[in-house]
Amino acid sequence: MPTQPLTQQTFQPTIAKGGIVLVDFWATWCGWCTKFAPVYEESSRMHPDILHATVDADAEQQLSATAQIQSLPTLLAFREGLPVYSSPGFKNAGQLEEIVQEIMWLNMDDVRRELTAMHPELAQVTNAPKQQAAVVVRGAGIAAGPLRYGWPGLVAR
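Remember, it's a predicted structure, so these values are computed and weren't measured experimentally.

Criteria and cut-off values
Residues numbered from 1 in each chain as written. Predicted model: local features only at pLDDT ≥ 70, side-chain atom pairs only at ≥ 80, totals over all residues. Heavy atoms only, no water. Helix = DSSP H or I, 4+ residues; strand = E, 2+ residues; numbered from the N terminus. Contact = heavy atoms within 4.5 Å. Areas by Shrake-Rupley, 256 points an atom, 1.4 Å probe, with all protein chains shown as cover. Pairing = 2+ DSSP bridges. Axes fitted to C-alpha atoms, helices over the stretch in contact; angles between N-to-C directions. Phe/Tyr/Trp six-rings, centres within 6.5 Å; stacked < 30°, edge-to-face > 60°. Buried < 20%, exposed > 50% of the residue type's maximum accessible area, 1.4 Å probe, protein only. Lys NZ or Arg CZ within 6 Å of the ring centre and 35° of its normal. Core = buried A, V, L, I, M, F, W, Y, C linked by side-chain atoms within 4.5 Å. Right-handed = clockwise from strand over helix to strand, strands pointing away. Parallel < 35°, antiparallel > 145°, perpendicular 65-115°, else oblique. Left-handed = near helix turned anticlockwise from the far one by under 90°. Nonpolar A, V, L, I, M, F, W, Y, C, P; charged D, E, K, R; others polar.

Caption draft 1: Just the overall build of the chain, in detail. Regarding its fold elements, the chain presents seven helices and five strands. The linear arrangement of helices and strands in the chain, starting from the amino end, is β-α-β-α-β-α-β-β-α-α-α-α. A sequence separation of at least 24 residues applies to 73% of the contacts in the chain between residues at least 6 apart. Accessible area of the chain: about 8,100 Å², with a carbon and sulfur share of 57%.

Shown next, in the form of structure tokens:
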């Protein structure tokens, strides 16, 4: 499946649909971004069940600010509408595949418990049905997360 560009208007509805969504924040002037693009594109072909999205950080400056993007490229991942990974920097094919596999194997009950422990106000959201959770999380914006998200080695860098 080809990558899907996201904008300020399409970002939250896309994340709220659920499943696994990877989001690559990039810019045309970024050399590492141009090196990462074919790696990311190949991952989208290998994993058609995962939505591989892109955000042009220059064109979507407000979205980049909301997502607290400070370095390019930055990869964010969401599963079931919840943020589960965030890491700036280039990743080679092997590193990206490892990240994808770790996200696929995440225990989402553990992720919800961890998110609830960090943000008690989300207790109703993370224990609610997925569709309701996505709606409330969307209103809260991108939640800050811990450096580890429940899988050994899955660390924001």
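Caption draft 2: Layout of the sheet that holds strand 1 (residues 4-5). The strand order across the open sheet built from five strands is 1-3-2-4-5, with neighbouring strands paired in mixed fashion. In this open sheet, the two strands that pair with only one neighbour each are strand 1 and strand 5 (82-88). Judged from the six bridges that link them, strand 2 (residues 20-26) and strand 3 (residues 51-56) form a sheet pairing that is parallel. The residue of strand 3 that forms the bridge with Val 23 is Ala 53. Of the strands in this sheet, strand 2, strand 4 (74-79) and strand 5 touch helix 4 (residues 93-104), which is tilted by about 20 degrees from strand 4.

Caption draft 3: Broad picture of the packing of aromatic side chains. For the coordinates displayed, the defined rule picks out five aromatic pairs. When the centroid spacing of 6.4 Å and the interplanar angle of 85 degrees are considered together, the rings of Phe 36 and Phe 90 count as edge-to-face. Of this pair, Phe 36 sits in helix 2 (residues 31-46) while Phe 90 sits in the loop between strand 5 and helix 4, and the two are 54 residues apart along the sequence. Note on Phe 36: relative accessible area 1%, which makes it buried. Residue Phe 90 is classed as partly exposed on the basis of its relative accessible area, which comes to 32%. An aromatic cluster of three or more residues is present, and its members are Trp 32, Phe 36, Tyr 40 and Phe 90. Of note, Lys 35 hangs over the ring of Trp 32, and the distance from its end group to the ring centre comes to 4.8 Å.

Caption draft 4: Focus on the nonpolar core. Residues Leu 22, Leu 75, Val 84, Leu 96 and Ile 103 are the most contacted members of the largest nonpolar core, which totals 20 residues. Here this core gets four residues from one element, more than from any other, and that element is helix 4. Listed in part, the 19 residues of the second largest apolar core include Ile 15, Leu 63, Leu 76 and Phe 78.

Caption draft 5: Molecular detail of the pairing of strand 2. Most of strand 2 is tucked away, with six of its seven residues classed as buried. Traced from strand 2 through helix 2 to strand 3, the parallel crossover comes out right-handed.

Caption draft 6: Here's a closer look at the packing of helix 2 against helix 4. Their axes nearest at 10 Å, the elements helix 2 and helix 4 cross at an angle of 45 degrees. Judged by the inter-axis angle, helix 2 sits oblique to helix 4. As for the relative orientation of helix 2 and helix 4, their crossing is right-handed in sense. Residues Phe 36, Val 39, Tyr 40, Ser 43 and Met 46 of helix 2 lie in contact with helix 4, whose contacting residues are Ala 93, Leu 96, Glu 97 and Val 100. Each residue belonging to the contact of helix 2 with helix 4 can be placed in one class, and the counts come to seven nonpolar, one polar and one charged.

What is shown is where atoms sit, not what they do.
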